[in-house]
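Letter by letter, the chains look like this.
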Amino acid sequence: MQQRTWEFTANLTWNTGRHKLLFGTHNELYKIRYGFVNSWNGRVDYNSIEDFVGNNPYRVRGSYNYNNNTRDYILAHPAADFAVNMYSLYVQDEIRIHDRLRITPGLRADLASLPEMPGLSDKVKSILSDPNFGTTYQYTPLSRLRNDFMNRVQLSPRVGFRWEVTADRKLVLRGGAGLFTGRIPFAWLAYAYYNTGNSYGAFDQRADQKPFAPGSDAIRPSENGLADFIAQNGAVVNDPNSGKRRSIWWIMASHYRRYSVQA
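Residues numbered from 1 in each chain as written. Predicted model: local features only at pLDDT ≥ 70, side-chain atom pairs only at ≥ 80, totals over all residues. Heavy atoms only, no water.

### Digging into the side chain of Ser-39
Move 1: Note that Ser-39 resides in the loop between strand S2 (19-34) and strand S3 (43-45).
Move 2: Since its relative accessible area comes to 13%, Ser-39 is described here as buried.
Move 3: Leave out the neighbours within four places in its chain, and Ser-39 touches Arg-61, Gly-62 and Ser-63. (Helix = DSSP H or I, 4+ residues; strand = E, 2+ residues; numbered from the N terminus. Buried < 20%, exposed > 50% of the residue type's maximum accessible area, 1.4 Å probe, protein only. Contact = heavy atoms within 4.5 Å.)

As structure tokens, then:
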């Protein structure tokens, strides 16, 4: 991941009577190029050592770029090339009730802005409904995804206090409450940009459901990652709209939630 960041902070403090006011802004502007591809070399499962030695995998999973699945191309053309702008404004008032008690209310406004949203594949809109939805686990049905997230102002009020219980300050009581807004790891956000089904496909095949093509080898070194093996097993790796085993990463994400809940 390559990340370039501009950061701007400005604070103004104003003392008046019993009040100590703080006005401020903090802003972080990110430009991110994320070239990681999950399972580019594949994830290969064997039921025994003998199956491994005999090149008899039970399950093979991986992902592939529709245009060109070589390592050099993917690093030079990362599908997750995006900007994130984090803006914030805040105000705080430290109120001196008397010499040993101070109350500090405050309000912060945060905006996580995506100048360019991830692509939303038409395949997501037309995907079949999950017959198990609502019976064993919950998630947002894929047909309801509108690509409408972030880009909203989050308000975080809070209040704190400092009470010097004894005049010699040997006993001080502090406390507070509030709402606080955190940020997601940008690596997670990057998945939304390249796991759309428009630039990468996902492959998942089990030998007990369909045998692997004779002579194909999932762990043989290749400059195309797992793409050659996938093509040998019947998938069209250079067309996002072809191949029965072409799948969308959104589906795999929903299955992961299911297994996590049941575990």
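### A word on the pattern of salt bridges
Move 1: Going through the model one piece at a time under the given rule, you end up with 12 salt bridges.
Move 2: Between Arg-96 and Asp-99 there is a salt bridge, with the nearest N and O atoms lying 3.8 Å from each other.
Move 3: For Glu-164, the salt bridge goes to Arg-169, with nearest N and O atoms at 3.3 Å. (Salt bridge = Lys/Arg side-chain N within 4 Å of Asp/Glu carboxyl O.)

### Describing the nonpolar core
Move 1: Counting residues in hydrophobic clusters, the biggest one holds 18 residues, and the most contacted among them are Ile-32, Ala-80, Phe-82 and Val-84.
Move 2: Of all the elements in the fold, those that place two or more residues in this core are S2, strand S5 (80-98) and helix H4 (186-194).
Move 3: Per-element accounting of this core gives the leading share, 5 residues, to H4.
Move 4: Residue contacts for Val-84: discarding those within four places in its chain leaves Glu-28, Leu-29, Tyr-30, Ile-32, Ser-113, Leu-114, Phe-186 and Leu-189.
Move 5: Residues Val-60, Tyr-64, Phe-229 and Val-237 belong to the second largest nonpolar core, which totals 12 residues. (Core = buried A, V, L, I, M, F, W, Y, C linked by side-chain atoms within 4.5 Å.)

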